[in-house]
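Now for the letters of each chain:
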Amino acid sequence: MSFESVLRQFALGFAGLLVGLCAGTHPSVAQSPGETGVTVGAGDALRVGGLVQADAVLGRDGATDGFRARSARLRLGGQAQGVSYVVQTDFASSSSNSPSSLLDAFLRVPLADRLRLRGGLFKTPYSAEFLAPRPRIRFAERARVVNALAPNRQAGVQLSGDLTPPASDAQVTATLGAFNGTRGLSTNDNDNLLYLARLSGSLPAGSGTLDLGASGGYSIDDGVTIPNTATSYSGTRALFQADAEYEAERWLVSGALHAADLEHDGPTVPETEAQSPVGYYVTGGLNVHDRHQVLARVEGYAPDTPGSSPDDQLVLGYNYDASSVFRVVVNYQASTEDLAEGFLTGRLQMAF
């Protein structure tokens, strides 16, 4: 039997399993690996956490079958006299494109009971899926539009405040931030900053919880890289995204829409040329048994570059949380135009 036939049978069988399980009546709650770490010594001055993800990738176009260490992270954090800190590295991320393995290095200072200031290198406040810790994302990788348009980790400052009273069932948080506009440890590309704002909320709805969020950003760039969109972008960048998720005891549904307006203004690009990349994802999931979860995601991303065309993809996922720290992940991803020509990702994950 050919490899393509195996993939075809896997995709069709998984889809049938998902439909059948959705009609079942076995309530359960899948557990997600935590990222709280282990306390060292007395008090909360030092907590140590880690993440190891070992992947196997089979059948991907343009790549050979094989294995890789997707993540090898060490996280240090703690709190003293109300000030908290985090330093996180990923030894598997260092490459010629990203020579530093440092992911996070920031301080968080409480300014009031419901107001916090953060400064250093950290995730920008943009997109619920991007802000979710890597051990807790539901698929092997985030949606392509999130990886492309979210400004990723940057050096900067942000102010966050809770807008609802402590006794309220709903929680609403507003965040404002200013960043270099360049990823990671890179210095600012010009005298302008990237400004971001996010408003998010969570409220009980029926037997579950509804989470809503929206983010926006603006910057003037000079030779920055926007993955899968522009290798060296100079001009005015405007970003917008909205996300929603409803999760009950057994099932969840979520989705997001991302859009950007890139007004090029460089020596080799006419001032009138512009890009309007846009993308989305919709996810459905079901906890089929204790610690077992199946998922399906449809996603699309159109970078609006010459020669590109929209490419919707289907991702099928299975997660098994063997314990609070150990997870098994299996994904099958393929274009919706040819579900048989996809690839498999298998992962062993340990996170604490």
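All of these numbers come straight from a predicted model, not from anything done at the bench.

Participant: Describe the overall build of the chain, naming the residues involved and giving the relevant values.
Facilitator: Within the chain, the secondary structure is distributed over three helices and 18 strands. Here the chain holds 352 residues, and the buried ones make up 40% of them. A separation threshold of at least 6 residues defines the contact pool for the chain, and within that pool the share at least 24 residues apart is 54%. Counting every atom, the chain has about 17300 Å² of accessible surface; 59% of that belongs to carbon and sulfur.

Participant: Kindly report on the pattern of salt bridges, identifying the contributing residues and their values.
Facilitator: Under the defined criterion, the tally for this structure stands at 18 salt bridges. A salt bridge links Glu141 to Arg70; the nearest nitrogen and oxygen atoms lie 2.8 Å apart. One end of the pair, Glu141, is in the loop between α2 (128–131) and α3 (144–149); the other, Arg70, is in strand β3 (residues 66–80), and 71 residues separate them in sequence. For Arg237, the salt bridge identified is with Asp221, shortest N-O distance 3.0 Å. Of this pair, Arg237 sits in strand β11 (residues 230–247) while Asp221 sits in strand β10 (residues 208–226); the two residues are 16 residues apart in sequence, bridging distant segments of the chain.

Participant: An account of empty space enclosed by the protein is requested, with residue identities and associated values reported.
Facilitator: A complete count under the given rule lists one cavity of 30 Å³ or more for this structure. Approximately 90 Å³ is the volume found for the largest cavity. Lining the largest cavity are 14 residues; nearest its centre among them are Pro151, Arg183, Thr225, Ile226 and Arg237. Looking at which element gives the most residues to the lining of the largest cavity, the answer is β10, with three residues. A per-class count over the lining of the largest cavity returns nine nonpolar, three polar and two charged.

Participant: Mind laying out a negative patch on the surface, listing which residues take part and the relevant values?
Facilitator: Together, Asp61, Asp312, Glu337, Asp338 and Glu341 give the surface a local cluster of negative charge. Mapping Glu337 onto the fold places it in the loop between β17 (326–335) and β18 (343–351).

Participant: Outline the environment of Gln88, supporting the account with residue identities and numerical values.
Facilitator: Inspection of the secondary structure puts Gln88 in strand β4 (residues 83–90). Sequence spacing of Gln88 and Phe122 is 34 residues, and the spatial spacing of their C-alpha atoms is 9.5 Å. At 2.6 Å, the side chain of Gln88 and the side chain of Asp104 are in polar contact.

Participant: Please give an account of the nonpolar core that cites residues and values.
Facilitator: Ranked by size, the top nonpolar core spans 24 residues in total, and within it Val145, Val146, Leu149, Ile226 and Tyr233 carry the most contacts. If you list the elements that add at least two residues to this core, you get α3, β9 (194–205), β10, β11 and β12 (251–264). Take this core: its biggest share by element is four residues, from α3.

Participant: A description of the packing of aromatic side chains should follow, citing residues and the corresponding values.
Facilitator: Remark: the centre distance and the inter-plane angle together describe each pair of aromatic rings, the angle taken between the planes. This model, assessed by the stated rule, comprises three aromatic pairs. For the pair Phe106 and Phe122, a centre-to-centre distance of 5.7 Å together with 70° between the ring planes defines the contact as edge-to-face. Separated by 16 residues along the polypeptide, Phe106 in strand β5 (residues 102–112) and Phe122 in strand β6 (residues 115–123) bring together distant segments of the chain. Look at Phe106 and you get buried, because its relative accessible area is 8%. Ring centres 5.4 Å apart and planes at 50° place the aromatic pair Tyr246 and Trp251 in the tilted group. The buried category is assigned to Tyr246, whose relative accessible area is 17%. Put simply, the rings of Phe106, Phe122 and Phe179 touch in pairs and so form one group of aromatic residues. Sitting over the ring of Phe106, Arg118 keeps its end group 4.4 Å from the ring centre.

Thresholds applied
Residues numbered from 1 in each chain as written. Predicted model: local features only at pLDDT ≥ 70, side-chain atom pairs only at ≥ 80, totals over all residues. Heavy atoms only, no water. Helix = DSSP H or I, 4+ residues; strand = E, 2+ residues; numbered from the N terminus. Buried < 20%, exposed > 50% of the residue type's maximum accessible area, 1.4 Å probe, protein only. Contact = heavy atoms within 4.5 Å. Areas by Shrake-Rupley, 256 points an atom, 1.4 Å probe, with all protein chains shown as cover. Salt bridge = Lys/Arg side-chain N within 4 Å of Asp/Glu carboxyl O. 1 Å grid on protein atoms, 1.4 Å probe; cavity = no way out; pocket = protein on both sides within 12 Å on 5 of 7 lines; lining within 4 Å. Points joined across faces, edges and corners; volume = space filled by probe spheres on them. Nonpolar A, V, L, I, M, F, W, Y, C, P; charged D, E, K, R; others polar. Patch = residues over 30% accessible without salt bridge, like charges linked within 9 Å, V, L, I, M, F, W, Y side chains within 5 Å. Lys, Arg positive; Asp, Glu negative; His and termini not counted. Charge placed at Lys NZ, Arg CZ, Asp CG, Glu CD. Polar contact = N/O pair within 3.5 Å; in protein donor to acceptor, adjacent residues only side chain to side chain. Core = buried A, V, L, I, M, F, W, Y, C linked by side-chain atoms within 4.5 Å. Phe/Tyr/Trp six-rings, centres within 6.5 Å; stacked < 30°, edge-to-face > 60°. Lys NZ or Arg CZ within 6 Å of the ring centre and 35° of its normal.

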